[in-house]
Amino acid sequence: GHGQGTFEPVQSYNYVGQGRGSFEKEVFVTPGQWNMQKVVVCLSVPLGLLVLGLGFLLINLLRFGGPFWMSTSYDCDQGLDNWAASWDNSKKDYCCKSEQKGCMPQIKGCQTDCNYQRRTATCASRIQWGATHLFAQHPTACAEAYKKVVSECPFCSSCNLAQAFCHPALPIR
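Rules used in this analysis
- Residues numbered from 1 in each chain as written.
- Predicted model: local features only at pLDDT ≥ 70, side-chain atom pairs only at ≥ 80, totals over all residues.
- Heavy atoms only, no water.
- Helix = DSSP H or I, 4+ residues; strand = E, 2+ residues; numbered from the N terminus.
- Buried < 20%, exposed > 50% of the residue type's maximum accessible area, 1.4 Å probe, protein only.
- Contact = heavy atoms within 4.5 Å.
- Areas by Shrake-Rupley, 256 points an atom, 1.4 Å probe, with all protein chains shown as cover.
- Arc of directions from axis to C-beta.
- Disulfide = S-S within 2.5 Å.

1. What about the overall build of the chain?
At step 1: When helices and strands are tallied, the chain shows 5 helices and 2 strands.
At step 2: From first element to last, N terminus to C terminus, the chain shows the α and β order α-α-α-β-β-α-α.
At step 3: Out of the 173 residues in the chain, the part that is buried amounts to 23%.
At step 4: In the chain, the proportion of contacts linking residues at least 24 apart, taken out of those at least 6 apart, comes to 40%.
At step 5: Summed over all atoms, the accessible surface of the chain reaches about 13800 Å², with 59% contributed by carbon and sulfur.

Following this line, the structure appears as structure tokens:
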């Protein structure tokens, strides 16, 4: 009756019965707080894969001189007779590294080895041969032979004509 009763607030309601839930209490987690452990795991996996991929690319660039998808191959037998004058630097690099053809000789002045038409001889002996065989009847046989040898083997430009000791009357075999 008249204000004689008591009041107790109920903290939660449990509805049970057909269509109203079950006797089991359900716990609902509402999003709102960051779980740093999950964030670190979710970010570290893709970042790890990215680092591995970049490492693979870097190794290929250092090992092969360029990316594998842009690698160029050359026919190292084509133009081999006059490679020093006719090949570009990328073909020289490729053929020297992959097939040991078209490699730079050690520059030693007139004693530099020149490979022309698949024969190797020193610049001095090539100049002498040209003077006595190709230009034997010319008054400037040594100068003409020097000019021809340098055009065929640019490495022979390190050889001075005077240092080649060319004598048009002395054939060398």
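That was the structure; now back to the text.
2. Examining helix 3 (residues 89–99)
At step 1: Among the residues of helix 3, those classed as buried are Lys91, Lys92 and Cys95. All buried residues of helix 3 fall inside an arc of 100° around its axis, so they share one side. Across helix 3 from its buried face, at more than 90 degrees, point the exposed residues Asn89 and Lys97.
At step 2: Buried residues in helix 3 make contact with helix 2 (83–86).
At step 3: Gln100, located one to two residues past helix 3, shows a positive phi value of around 55°.

3. Some points on the state of the cysteines
At step 1: In total, this model carries 6 disulfides according to the counting rule given.
At step 2: Here Cys76 is linked by a disulfide to Cys95, with a sulfur-sulfur distance of 2.1 Å. Because the torsion about its S-S bond is -90°, the bridge between Cys76 and Cys95 counts as left-handed. Of the two residues, Cys76 sits in the loop between helix 1 (36–64) and helix 2 while Cys95 sits in helix 3, which places them 19 residues apart along the sequence. With respect to burial, Cys76 and Cys95 carry one shared label: buried.
At step 3: The disulfide partner of Cys96 is Cys103, and the S-S distance across this bridge is 2.1 Å. On the S-S bond that ties Cys96 to Cys103, the torsion sits near 110°, and the link is right-handed.
At step 4: Classification of Cys103 as partly exposed rests on a relative accessible area of 28%.
At step 5: Numbered by order of appearance in the sequence, the disulfide-linked cysteines of the chain pair as 1-2, 3-4, 5-11, 6-9, 7-10, 8-12.

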